[in-house]
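Observations on the model geometry
The residues making up each chain are set out below.
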Number of protein chains: 2
Amino acid sequence: MTAARTGGRDGGRDGGRDGEEETYSIAELAREFDITTRAIRFYEDEGLLAPRRRGQTRIYAPRDRTRLKLILRGKRLGFSLQEIAEMVTMYDATPGETGQLELFLKRIAERRATLEQQREDIKVTLAELEAAEAAAKRRLRELRGAR
Amino acid sequence: MTAARTGGRDGGRDGGRDGEEETYSIAELAREFDITTRAIRFYEDEGLLAPRRRGQTRIYAPRDRTRLKLILRGKRLGFSLQEIAEMVTMYDATPGETGQLELFLKRIAERRATLEQQREDIKVTLAELEAAEAAAKRRLRELRGAR
DNA sequence: GTTGACGTTGACGTAAACGTTAATCATGAC
DNA sequence: GTCATGATTAACGTTTACGTCAACGTCAAC
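Values in this document were obtained by computation on a predicted structure and should not be read as measured data.

**Topic: unusual backbone geometry**
All names here are of chain A. A positive phi is found at Asp-34, a non-glycine position, where the angle reads about 55 degrees. Within the secondary structure, Asp-34 sits in the loop between α1 (26-33) and α2 (37-45). For Asp-34, a relative accessible area of 71% corresponds to the exposed category.

Next comes the structure, spelled out in structure tokens:
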């Protein structure tokens, strides 16, 4: 549970050279984000991640870790992996062509609409929850008051 | 698409009597909320809805319609039907026993934590989207500016 | 009386998102 | 060497949330 940020013998600096970059093993990321390695590999199969390899072994750079964070955030909001894939590629690949840019803007607008709907849904739901909570607390006091 | 609020010959008032209550057919609700009748029946199978019957036919009262709304709101927030079931029963069944009340309050607190996490996620995501949008618009102006 | 619109209950199919073995390989520690 | 640890691919299994027929009932309209 103590968030392994660099891992064992192989995680951190790769030798002391100047172009040092933090790296992570698949198990480290799995522990840090409390998911399984299976899930991480699955995201890769779906094109959401593309870590380097040393031989067969996957080596995750900070960029990969950031992408994984984005993926999990998308999941918490209930998006499908396909939708998340769109969003993720959105961030790091602003298109260069005019037509693509316009489509890009349209997609962004759609996402924003969804997110704003969710924001509204959350607002309403929180209000209802608080009402229910207040009612329950009242009831509790009643029960305790009546000895 | 013109939100059928009372339906054909059978939807509205049930005769003119005083205890009138708006009712809905399954198809009406399906149209109104843009889902399939299959989905609605599925929610019933899962214990999320329990409409009256006239013979075999399902008759939905305003309360059922409200529950359906709640279900769909839960879906938009990415909750599973099971989680939604919990929330829905939460609202209309404040428990009477002390122990249950305390568990109830715990559940509410959990939900609230989830919702607040989502709220935060949405905030961050919206900010990122807006950054991406601004970048795209800038790029568009560049392309158009260069004749 | 049959057509059409709408309703019903099965029951099998499917896409998404992993879980769960299984078999195998690489490596540092002893 | 071998043993434990952690990595790999491959492949089948599982759960959720419906979609998609199929076969049938019912009622108003023609």
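Next comes the rest of the description.
**Describing the interface of chain A and chain B**
At the interface, 41 residues of chain A touch 41 residues of chain B. Each partner contributes to the roughly 3,800 Å² buried at the junction of chain A and chain B, and carbon and sulfur atoms together form 69% of this total. Where chain A meets chain B, there are 10 salt bridges. Notably, a salt bridge pairs Arg112(A) with Glu133(B), separated by 3.0 Å at the nearest N-O pair. At the junction of chain A and chain B, the tally comes to 14 residue pairs in polar contact (both at pLDDT 80 or more). Going through the elements one at a time, α3 (62-76), α4 (81-92) and α5 (98-145) of chain A are the ones with two or more residues in the side of chain A that touches chain B. A total of 29 residues in the side of chain A that touches chain B trace back to one element, the largest contributor, which is α5(A). Here the residues of the side of chain A that touches chain B sort into 19 nonpolar, seven polar and 15 charged.

**A look at the relation of the copies chain A and chain B**
Least-squares fitting of chain A to chain B yields an RMSD of 0.1 Å, with the transformation described by 0.0 Å of translation along the axis and a rotation of 180 degrees. Taken together, the rotation and translation relating the two chain copies correspond to the operation of a two-fold axis. Within chain A, Gly78(A) has its C-alpha nearest the rotation axis, a separation of 2.0 Å. Comparing contact sets, 100% of the residues at the interface of chain A also lie at the interface in chain B, consistent with an isologous, same-surface contact.

**Here we look at the pattern of salt bridges**
This model, assessed by the stated rule, comprises 26 salt bridges over all chains. One salt bridge connects Glu128(A) with Arg73(B), and the closest N-O pair in it is separated by 2.6 Å. Taken as a pair, Glu128(A) in helix α5 and Arg73(B) in helix α3 (residues 62-76) lie in two separate chains rather than in one. With relative accessibility at 26%, the residue Glu128(A) sits in the partly exposed group. One salt bridge in this structure joins Glu142(B) and Arg139(B), with 3.2 Å as the shortest N-O distance. In this pair, Glu142(B) and Arg139(B) are both assigned in helix α5 (residues 98-145), three residues apart and thus about one turn of the helix distant.

**Comments concerning the protein's contact with DNA strand C**
Lining the immediate environment of DNA strand C, one finds 17 residues, of which Thr36(A), Lys75(A), Leu81(A), Arg41(B) and Arg58(B) sit closest. At 2.5 Å, a side-chain N or O of Thr36(A) approaches a phosphate oxygen of DNA strand C. Measuring from a phosphate oxygen of DNA strand C, one finds a backbone N or O atom of Leu81(A) at 2.7 Å. Elements supplying a minimum of two residues to the surface near DNA strand C: α2 of chain A together with α1 (26-33), α2 (37-45) and β2 (57-59) of chain B.

**Structural notes on α2(B)**
All names here are of chain B. Turning to α2, its buried residues are Ala-39, Ile-40, Tyr-43 and Glu-44. The arc that holds every buried residue of α2, seen down its axis, measures 145 degrees, which confines them to one face. Along α2, the residues that are exposed and aim more than 90 degrees away from the buried face are Arg-38 and Asp-45. Buried residues belonging to α2 abut α1, β1 (52-54), β2, α3 and α4 (81-92).

**What about the environment of Leu126(B)?**
Assignment of secondary structure puts Leu126(B) in helix α5. Leave out the neighbours within four places in its chain, and Leu126(B) touches Arg112(A), Leu115(A), Glu116(A) and Arg119(A).

**Remarks on the protein's contact with DNA strand D**
Close to DNA strand D lie 17 residues, the nearest being Arg41(A), Arg58(A), Thr36(B), Lys75(B) and Leu81(B). For DNA strand D, the backbone portion of the atoms within 4 Å of the protein, that is sugar and phosphate, comes to 66%. Within the side chain of Ser25(A), one N or O atom sits 3.3 Å away from a phosphate oxygen of DNA strand D. Measuring from a base oxygen of DNA strand D, one finds a side-chain N or O atom of Arg38(B) at 3.0 Å. Elements represented by at least two residues in the surface near DNA strand D include exactly α1, α2 and β2 (57-59) of chain A together with α2 of chain B. Among the residues making up the surface near DNA strand D, the classes are represented as six nonpolar, five polar and six charged.

Conventions used here
- In every chain, residue numbers begin from 1 and rise along the written sequence.
- Chain labels run from A onward and ligand labels from 1 onward, assigned in the order the entries are written.
- Predicted model: local features are reported for residues with pLDDT of at least 70 only, side-chain atom pairs are reported and counted for 80 or more only, and whole-chain, interface and lining totals are derived from all residues.
- Working from all heavy atoms in the structure, the side-chain values ignore hydrogens and water.
- A run of H or I in DSSP becomes a helix once it reaches four residues, and a run of E becomes a strand once it reaches two; helices and strands are each numbered from the N terminus.
- Partly exposed describes any residue whose relative accessible area lies between the buried limit of under 20% and the exposed limit of over 50%, with all areas from a 1.4 Å probe on protein chains only and scaled to the type maximum.
- Residue contacts are counted whenever heavy atoms from the two residues lie within 4.5 Å of one another.
- Accessible area that two parts lose when put together, with a 1.4 Å probe and added across both, is what the buried area reports.
- Counted as salt bridges are all cases of a side-chain nitrogen of Lys or Arg within 4 Å of a carboxyl oxygen of Asp or Glu.
- Two N or O atoms form a polar contact when they lie within 3.5 Å of each other; inside protein one atom must be a possible hydrogen donor and the other a possible acceptor, and for residues adjacent in sequence the pair counts only when both atoms belong to side chains.
- Residues are grouped as follows: Ala, Val, Leu, Ile, Met, Phe, Trp, Tyr, Cys and Pro are nonpolar; Asp, Glu, Lys and Arg are charged; all remaining types, including Gly, are polar.
- Here the copies are matched by least squares. The fit uses the C-alpha atoms of residues with pLDDT of at least 70 in both.
- Residues are counted as near a molecule or strand when any one of their heavy atoms sits within 4 Å of it.
- By definition, the arc is the one covered by directions from the helix axis to the C-beta atoms.

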